[in-house]
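# Inside the fold
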Amino acid sequence: MKDNQTIAISVAEASKLFRLQKQRTFKELLPALFGGQKAVEHFWALENINLKIKKGETVGIIGPNGAGKSTLLKLMAGVTKPTKGKITLNGKIAPLIELGAGFHPELTGRENIFLNGIILGLSKKEVTDRFSEIVDFAELWEFIDQPIKHYSSGMYLRLAFSVAVHTNPDILLIDEILAVGDDNFRKKCFKRMEEFKKAGVTIILVSHALEQIQKFCTRAIYLNEHRVIVDGKVEEVSEKYVNAGVN
Amino acid sequence: MSMIKLFSQYHELLGQLTSREIKQRYKQSVLGYAWVILNPFFQMLVMAFVYSIIIRIPDLGVPYSIYLYAGLLPWTLFNNSLTGSVNSLVGNAGLLSKIYFPREIFVMSTMLAKMVDFALSCSIFIIFMIYFQIPVTWNILWVIPILLIQQLFTYALSLFLAAANLFYRDIQYLLNLVLLIWMYLTPVIYATEFFPEKYQWIFKLNPMAIIINAYRQVILAGGMPNLQSLGLALLLSLGILALAYKFFKKVEGLFADVV
């Protein structure tokens, strides 16, 4: 029972099978059926993953392209369900998988803050209370009432990141997003993440950049060919990762 | 049951997504929301001209224009709700693959946005009612349960169509064709009596026919709706909804993979 209270994410024997549906229209489907082509192709994106992530841990996930890193993150975020196995989450989750997923270009910055905040699980009142904090952090007071289609990509990301980090999550899932934005803002993002870390937020960071993970995480998981290769202290895992010669 | 829980937990999200859908439309064009009212209005004018002056539909007890409008408005709601819903998941691919919340919220928000359109386009209908001095009785309150049955039926079909369209994008084109044929098999532009008797069984099985006849009965004729038919439409809608919801929930876990 004590175990349950300290575990933030538990992944038990989880596997994910993707059905690649090759034909999306009847035009493609009909000849395929008559020609005896398979309509669906299967492949395992993840096989038998077992993980227990404790509350307050900062875990980096590394591995080559196609190893299943993003799939693992999406499973944790609940956007896709495991084909086998079980995933249990303990706490409020903020997926920074792709920033600004709910943004609409025709709406103003202000409207998008409310829209995205509520999509990420805040109530309207909570967004109102945090509104100025969010805009302060994004440094976008000047443009807040303009449609975000006029924003530069940097401004767009700043706003999206700012909304996401103001949702007071217990678990933060981050997918490669910190490779974007200007230097200044990136520093600010990392500072904010350090604060989260100190506050005991569980952070899962997927990245290609090993230095980022070495700098920030205490534990690392090396994923390759849909399986966990090594899982342990960040120093050990990064050593094995470098020795494996990928990257 | 699960619907109530869903509403209490996600009503703000539903509200935001609905207003996003409404706002994006009026921001994109000059006349913006006026189109919502003008479209069915002009459609009605053109059809009223064709059918009362050129084809000369026999007397229906009320002016043909208002008779037509009473059928055309709910049909437009049905038509727009389905064509909107069928794309509600595909059109939100970005959200669908990034953040989890119950996926039927997308379908619901599309339907709610179309309800707002419907309410606005009814304003001209009310002016017509006053202009033609159509007597109104208490029976007009039946409009509320009739509308509820219509929306239940629409929601059931929408859930099914939205999910199916993710797997095969042809569904949306097929839907347009089906809706065109369906409209002519529903007494929208004509009255049930004009239809050959031997084919009238179609109307008994077509919930939209039952619903549109009921609207006309309570609004224009001031009478009671045919409760037996309406009950059948309700049962049919609930049955389809149960199946559609089960199907939707079964494939929901795959949405992010196929989108």
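Residues numbered from 1 in each chain as written. Chains lettered and ligands numbered in written order. Predicted model: local features only at pLDDT ≥ 70, side-chain atom pairs only at ≥ 80, totals over all residues. Heavy atoms only, no water.

Turning our eyes to something else, we now look at the overall build of chain A. Each helix and strand counted, chain A has nine helices and nine strands in total. On the principal axes, the C-alpha backbone points of chain A span a range of 60 × 50 × 40 Å. With 247 residues in all, chain A has 50% of them scored as buried. In chain A, once contacts between residues fewer than 6 apart in sequence are set aside, the share between residues at least 24 apart is 70%. Carbon and sulfur atoms make up 51% of the accessible area of chain A, which totals about 12,000 Å². One finds the centroid of the 34 positive side-chain charges in chain A at a distance of 5 Å from the centroid of its 29 negative side-chain charges. (Helix = DSSP H or I, 4+ residues; strand = E, 2+ residues; numbered from the N terminus. Buried < 20%, exposed > 50% of the residue type's maximum accessible area, 1.4 Å probe, protein only. Contact = heavy atoms within 4.5 Å. Areas by Shrake-Rupley, 256 points an atom, 1.4 Å probe, with all protein chains shown as cover. Lys, Arg positive; Asp, Glu negative; His and termini not counted. Charge placed at Lys NZ, Arg CZ, Asp CG, Glu CD.)

Take a nonpolar patch on the surface next. Residue and element names in this part refer to chain B. There is a patch of nonpolar side chains on the surface, built from L174, L177, V178, L180, I181, Y184 and L185 and spanning about 620 Å² of accessible area. Secondary-structure assignment places I181 in helix α7 (residues 171-184). Under the relative-accessibility criterion, I181 is labelled partly exposed at 48%. (Patch = residues over 30% accessible without salt bridge, like charges linked within 9 Å, V, L, I, M, F, W, Y side chains within 5 Å. Salt bridge = Lys/Arg side-chain N within 4 Å of Asp/Glu carboxyl O.)

Right, let's get into the state of the cysteines. Residues and elements named next belong to chain A. Tallied over the full model, the rule gives zero disulfides over all chains. Cysteine C217 shares no disulfide, and the gap to the nearest cysteine sulfur, in C189, comes to 15 Å. Given a relative accessible area of 6%, C217 falls into the buried group. (Disulfide = S-S within 2.5 Å.)

In low-pLDDT segments, the atomic positions of the prediction should not be examined closely. Chain-level statistics for chain A give a pLDDT mean of 84 and a share of 90% at 70 or above. Model confidence for chain A, summarised as mean pLDDT per element, is weakest for helix α1 (residues 2-6) of chain A at 63 and strongest for helix α5 (residues 124-138) of chain A at 94. (pLDDT = per-residue confidence, 0-100.)

Moving on: the pairing of strand β9 (residues 227-233) of chain A. Residue and element names in this part refer to chain A. Bridge count between strand β8 (residues 219-224) and β9: six bridges; the pairing is antiparallel. Of the residues in β9, the one forming a bridge with Y222 is V230. The loop that links β8 with its antiparallel partner β9 comprises two residues; one of these, E225, has a positive phi angle of about 45°. (Pairing = 2+ DSSP bridges.)

Looking now at the packing of helix α3 (residues 64-85) of chain B against helix α6 (residues 143-167) of chain B. Residue and element names in this part refer to chain B. At a closest axis distance of 9 Å, the pairing of α3 and α6 adopts a crossing angle of 25°. By the criterion of interaxial angle, the relationship of α3 to α6 is roughly parallel. Note on packing geometry: the crossing formed by α3 with α6 is right-handed. Counted together, P74, L77, F78, S81, L82 and S85 of α3 and L147, Q150, Q151, F153, T154, L157, S158, L161 and A162 of α6 form the full contact between these two elements. In terms of residue class, the contact of α3 with α6 is built from nine nonpolar, six polar and no charged. (Axes fitted to C-alpha atoms, helices over the stretch in contact; angles between N-to-C directions. Parallel < 35°, antiparallel > 145°, perpendicular 65-115°, else oblique. Left-handed = near helix turned anticlockwise from the far one by under 90°. Nonpolar A, V, L, I, M, F, W, Y, C, P; charged D, E, K, R; others polar.)

What follows covers the environment of L235 of chain B. One can find L235 of chain B in helix α10 (residues 227-251). C-alpha of L235 of chain B to C-alpha of R20 of chain B: the two residues are 215 residues apart in sequence and 33 Å apart in space.

Counted by the stated rule, this structure contains 25 aromatic pairs over all chains. When the centroid spacing of 5.1 Å and the interplanar angle of 80° are considered together, the rings of Y131 of chain B and F132 of chain B count as edge-to-face. One aromatic cluster in this structure is built from F41, F42, Y69, F125, F128, Y131 and F132 of chain B. Here the guanidinium or amino end of K215 of chain A rests over the ring plane of F190 of chain A, the centre of that ring lying 5.4 Å away. Just above the ring of F101 of chain B sits the side chain of R103 of chain B; from NZ or CZ to the centre is 5.8 Å. (Phe/Tyr/Trp six-rings, centres within 6.5 Å; stacked < 30°, edge-to-face > 60°. Lys NZ or Arg CZ within 6 Å of the ring centre and 35° of its normal.)

Turning our eyes to something else, we now look at the sheet that holds strand β5 (residues 93-96) of chain A. All names here are of chain A. Strand order in the open sheet made by the six strands is β5-β6-β7-β3-β8-β9, with mixed pairing throughout. Edge strands, defined here as strands with exactly one partner in the open sheet, are β5 and β9. Geometrically, the sheet is characterised by an average inter-axis angle of 15° between neighbouring strands, direction not taken into account.

Attention now goes to the interface of chain B and chain A. Each side of the interface is counted separately: chain B has 29 residues, and chain A has 33 residues. Around 2,800 Å² of area is buried between chain B and chain A when both sides are counted, 59% of it from carbon and sulfur atoms. When the buried area of chain B at its contact with chain A is split by residue, Q16, K98 and Y168 of chain B rank highest and sum to 23% of it. The interface formed by chain B and chain A includes two salt bridges. (Buried area = accessible area lost by both parts, 1.4 Å probe.)

So, on to the nonpolar core. Among the nonpolar cores identified, the biggest contains 78 residues, and I113 and L159 of chain A together with L17, F101 and F255 of chain B are the most heavily contacted of them. Setting aside its immediate chain neighbours within four residues, F255 of chain B contacts L89, L96, R103, A163, L166, F167 and F248 of chain B. Counting residues in hydrophobic clusters, the runner-up holds 59 residues, among them L157, A164, Y190 and I211 of chain B. (Core = buried A, V, L, I, M, F, W, Y, C linked by side-chain atoms within 4.5 Å.)

Taking 1.5 Å of rise per residue, 22 residues should cover 32 Å, and α3 of chain B covers 31 Å from first to last C-alpha, within 8% of that figure. Buried residues dominate α3 of chain B, accounting for 19 of its 22 residues. (Expected span 1.5 Å × (residues − 1).)

So, about α5 of chain A. Residues and elements named next belong to chain A. The end-to-end C-alpha distance of α5, which contains 15 residues, comes to 19 Å, matching closely the 21 Å that a straight helix rising 1.5 Å per residue would cover. Where α5 bends most, the angle comes to about 55°, and this point is R130. Of the surrounding secondary structure, the elements contacted by the buried residues of α5 are α4 (109-119), α6 (153-165) and α7 (183-198). Following α5 by one or two positions, E139 has its phi on the positive side, about 55°. (Bend = angle between axes of the 7 residues up to and from the residue.)

Here the structure, examined in full by the defined rule, presents twelve salt bridges over all chains. A salt bridge links K249 of chain B to E104 of chain B; the shortest N-O distance between them is 3.0 Å. Placement of the pair is K249 of chain B in helix α10 and E104 of chain B in helix α5 (residues 104-131), with a sequence separation of 145 residues. Classification of E104 of chain B as buried rests on a relative accessible area of 1%. Each of E57, R219 and D231 of chain A takes part in a single network of salt bridges with overlapping partners.

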